[in-house]
Each structure stands twice: as structure tokens, then as C-alpha cells.
Amino acid sequence: MTEPTKILLDEDEIPTHWYNVIADLPEPPPPVLHPGTHEPVGPDDLAPLFPMDLIMQEVSGDRFIEIPEEVREVYRIWRPSPLYRAHRLEKALGTPAKIYYKYEGVSPAGSHKPNTAVPQAFYNAKAGVKRLTTETGAGQWGSALSFACAQFGLQCEVWQVAASFQQKPYRRSMIEAWGATIHSSPSELTEAGRAILAQDPDSPGSLGIAISEAVEAAVQDEDTKYALGSVLNHVLLHQTVIGEEALKQFAKVDATPDVIVGCTGGGSNFAGLFFPFLREKLAGKMDPRIVAVEPSACPSLTKGEYRYDFGDTAGMTPLVKMHTLGHDFVPEPIHAGGLRYHGMAPLISHMYELGLFEATAINQTECFDQAVRFARSEGIIPAPEPTHAIAQTVREAMACKESGEEKVILTALCGHGHFDMAAYDAYFRGELTDFEYPEEKVREAMARVPVIAG
Ligand SMILES: *Cc1c(COP(=O)(O)O)cnc(C)c1O
């Protein structure tokens, strides 16, 4: 009997706990530092921005954290997500490898981001918060959070990078359909926005500026807090539902992965996929090679330096130790909007230093070549971000074809591309350009990154 195409779980198999990988690391990640004093920040320093439940998750050392029943109820809308066996792609490649992908595009917003948006909205509502603010680039995170806020009766206010606000009108419409308010950033509504507009009335904006605006709006109102869609420990924690389900799905077909591949922007979908498998690996139950893939145009893991830097452009956030291209990094206009952040999640950065996974960088034309091959065989049109994971998966599968090895490869298809078709248009017109981010620019940027003693 051939294996099924979709490996499904029942609703009552939605995980009951998130997995906190910090409990199993040989050493904890370095502390987050106050930008002024350079002393470690405590839970109280974060209280103006986040509810205490999320802050405690951010600093927790517990191995498992229970998922509230209210969150599991909302997860039921699309979870458990399917694990696909890519029979058709395997055939198209002529590879003996067995390729599996966990598909997160089945969520209402079309990506993995609601996995954390829902608990973040829940814990804020539980703490009596009335309104959440956030930033969004291409609109994936803004749409996920507005969906989640609608589920818990919270108001939601989104600052979207001006260039995307103009170019991606349908994500904007989704955000409004779920009842949130959306502003083009920089805006006249905040000091940070007004300062930028005074210098440049036509500023195209940046994620760094939009973060400054959303944070400013949150700290000025007692009933308002701020939400972030990647990078932080609690976000990575919430995403582990992906890997926990995939473990159960692999058990159903009596297989274990030899290679796990994920795309990394801030690192959250990759973390969500591999942390539970790493736990099993550290316990000696399997031995997958784990590979992160980033764009050659934004290579924070493969070319960035591991050191303390700011999370935003203006230098208002705490200092975190991470692989960084420098907080004033200006991304090339590649289409994978979700992979254009200057830094990597501090937890992922720390684990990379510990040698727990490998990283590689791929150019966008190779990514779209393989995305189109994927769409024509598997049917699903991937978002620009997971095309990086697909391109590396194809590289691994072609290596198996050379060697004749029947490796089992697992990747995450973390979102569909239905609102990113302009990227495919550019590809079909032959207008996609490859960018190799130069080492010299990393060195230059490091001169503007603060030097922390110790
Ligand atoms: C936001 C986003 C990413 C990048 O974020 P990670 O935290 O690295 O997962 C990747 N893919 C999609 C579809 C996204 O929406």
C-alpha cells in the first residue's frame, strides 16, 4: 500500500502543551539588557508592553507550558494542520527521497502566524487589556493579529510599512475585514512618525519605524499593549504546536525525518517545526540534520555577527544578543517580505552558536524556480518566504538522487502565496534580481552597533 498523501490528526489530538526548548539546552541564552543601563531587564521592565502571563512565558525554564482551553478552541478552526507527503514533487524530481511538508497555509490568515496571535490576544484579553498595537510589513502578521483580536473582542491597531500599504492592498482589506484599524507608517499619529515625516514627507517607511510607532502608542495608554509576531521566546514557544503535531503524524506512518528544513526570518516557524524534534534527538530517539534557510540578500545567521544589538532601527528596544546585520540594515527589495529583518531570534542565535543546527542562504530566483515546480506538482502556491525552504528541500532531494539514498525530508510550508502574486508576476516577467549581501557592509554596520562589556 502506498502511503497517504495527507496525514491527518483528529481535533482532540491538538497539542495540550507548548514545548519550551530552553529547559533542554546545555546553557540558557544570554540575558536581555536595558538599552540605557546595560543591566539585565526584569519582568517589570516589560510590563508596559506585555501582559504578565506572556512575560512569564518569555523567561520560563519549564519544559512544558499548558495551552489554555480557550486557545485550543480557536486552534480547532484550522488545527491540526495536515502533514503532506509530496508524492508528486518526488516524482517530478525523480528522487528516492521521501518528502513531507507541514502545511500552515490552512489557517484563516494563510500562515503559521495565528498560532501565536491567538494566545497573545487571549492572554491580553484575560489581563483586561482593551487594545493591541502592532507593526506589519507585507501584512501577514497584521492580518493574523486582527483575526485573533476579533476572536477575543479586543481592538487592534496596525501600523503597516508605507511601501507595502500602497503595494499590498488586499492584506490591508483583510485586516479591516477582521475589524482592526490600519495606518500607513510613518504616520502623523505618533511622535516617532511625525519626526520621520518632517524630514521626509514621502518616506516609504520600514519595519523599524513601524515598531517605534506601535510601541509608542502602546506605552501611552494604560489599556493598550503591544504584540510582536516573531523573534521573542514566547512566540517561538507558541509555534511548537507545528512540530508537536508533526511528531504525532510521523508516528502514524512509522517514520522519522533524516533532514528538517525551515525558512528563517525572525525564526519562529523554523523553531516551531524543529524544537520538538530536537527534544527527541537530544533524548537519542532520532538523529535528523536540521537546516535553516535564509535569503542571500538578508543573511543574518550566515553572515551576521553574534553580538548585542537593538531590535529596532531607532534603538528604543532592549539590547538582545543575536546574529545581526546591524539595526540600521536596509533590506534589498526582495519579495520574501517576512525574511527581511536585520536580526535573528536570540534563542535561535544562541542555539546556532551551540551547533544544534546548520544554516545556509539561497538567492530568490532559485527559490521561485523551485516554488513554480512545487506549485505545478503539489498544487499549492507557496508564499515567497517558504520558497527558501522548498529550494533547500529540492537540493537535499537531488543529492539523494545522486547518492541513491532514501532519506526522509521534512519541511514547513508556512504559508500560501495568494496575496503575493505580484512576486510571481515579477518572476514570470524575468524581473527578479539576486542580491548577495556583501561582507564589507556587515563590517561597516557593526561600527554603529553598541559595544557591550563582558
Ligand atoms: C512572517 C513570516 C515568515 C517569517 O517569520 P519567521 O518568524 O521566521 O517564521 C515566514 N513565512 C511566512 C509565511 C510569514 O508570514
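No experiment lies behind these values; they were computed from the predicted model shown.

Conventions adopted
- Residues numbered from 1 in each chain as written.
- Predicted model: local features only at pLDDT ≥ 70, side-chain atom pairs only at ≥ 80, totals over all residues.
- Heavy atoms only, no water.
- Helix = DSSP H or I, 4+ residues; strand = E, 2+ residues; numbered from the N terminus.
- Contact = heavy atoms within 4.5 Å.
- Near = heavy atom within 4 Å.
- Polar contact = N/O pair within 3.5 Å; in protein donor to acceptor, adjacent residues only side chain to side chain.
- Domains from an automatic or database assignment.
- Salt bridge = Lys/Arg side-chain N within 4 Å of Asp/Glu carboxyl O.
- Buried < 20%, exposed > 50% of the residue type's maximum accessible area, 1.4 Å probe, protein only.
- Nonpolar A, V, L, I, M, F, W, Y, C, P; charged D, E, K, R; others polar.

Our next topic: the environment of Ala375. When you line up the elements, Ala375 lands in helix α16 (residues 364–378). For the pair Ala375 and Leu89, spaced 286 residues apart in sequence, the C-alpha to C-alpha distance is 9.0 Å. Setting aside residues up to four positions removed in sequence, Ala375 forms contacts with Ile380 and Ile381.

The next point concerns the site of the ligand. Close contacts around the ligand come from 14 residues, with Lys113, Ser230, Gly265, Ser268 and Asn269 the closest. Measuring from an oxygen atom of the ligand, one finds a side-chain N or O atom of Lys113 at 2.6 Å. Measuring from an oxygen atom of the ligand, one finds a backbone N or O atom of Gly267 at 2.8 Å. Looking at which domains feed residues into the shell around the ligand, each of domain 1 (6–14 + 80–110 + 239–446) and domain 2 (24–66 + 113–233) supplies at least three.

For the coordinates displayed, the defined rule picks out 24 salt bridges. Across the salt bridge formed by Glu73 and Arg76, the nearest N and O atoms sit 3.4 Å from each other. Residue Glu73 is classed as partly exposed on the basis of its relative accessible area, which comes to 44%. By relative accessible area, Arg76 is classed as partly exposed at 27%. Among the ionic contacts, a cluster of salt bridges with common partners joins Arg79, Lys102, Glu104 and Glu245.

Moving on, we get to the domain arrangement of the chain. Domain boundaries assigned for the chain yield domain 1 (6–14 + 80–110 + 239–446) and domain 2 (24–66 + 113–233). Facing 37 residues of domain 1, the contacting portion of domain 2 comprises 36 residues. Counting across the domain 1 and domain 2 interface gives one salt bridge. Close ionic contact of Asp420 with Lys168 constitutes a salt bridge, the shortest N to O distance being 3.6 Å. Applying the counting rule to domain 1 against domain 2 returns seven residue pairs in polar contact (both at pLDDT 80 or more). Of all elements in the fold, only α12 (241–252), α13 (268–282), β12 (305–310), β13 (319–324) and α15 (346–353) reach the threshold of two or more residues within the side of domain 1 that touches domain 2. When residues of the side of domain 1 that touches domain 2 are assigned to their parent elements, the largest contribution, four residues, is made by α15. Here the side of domain 1 that touches domain 2 is composed, by residue class, of 21 nonpolar, 10 polar and six charged.

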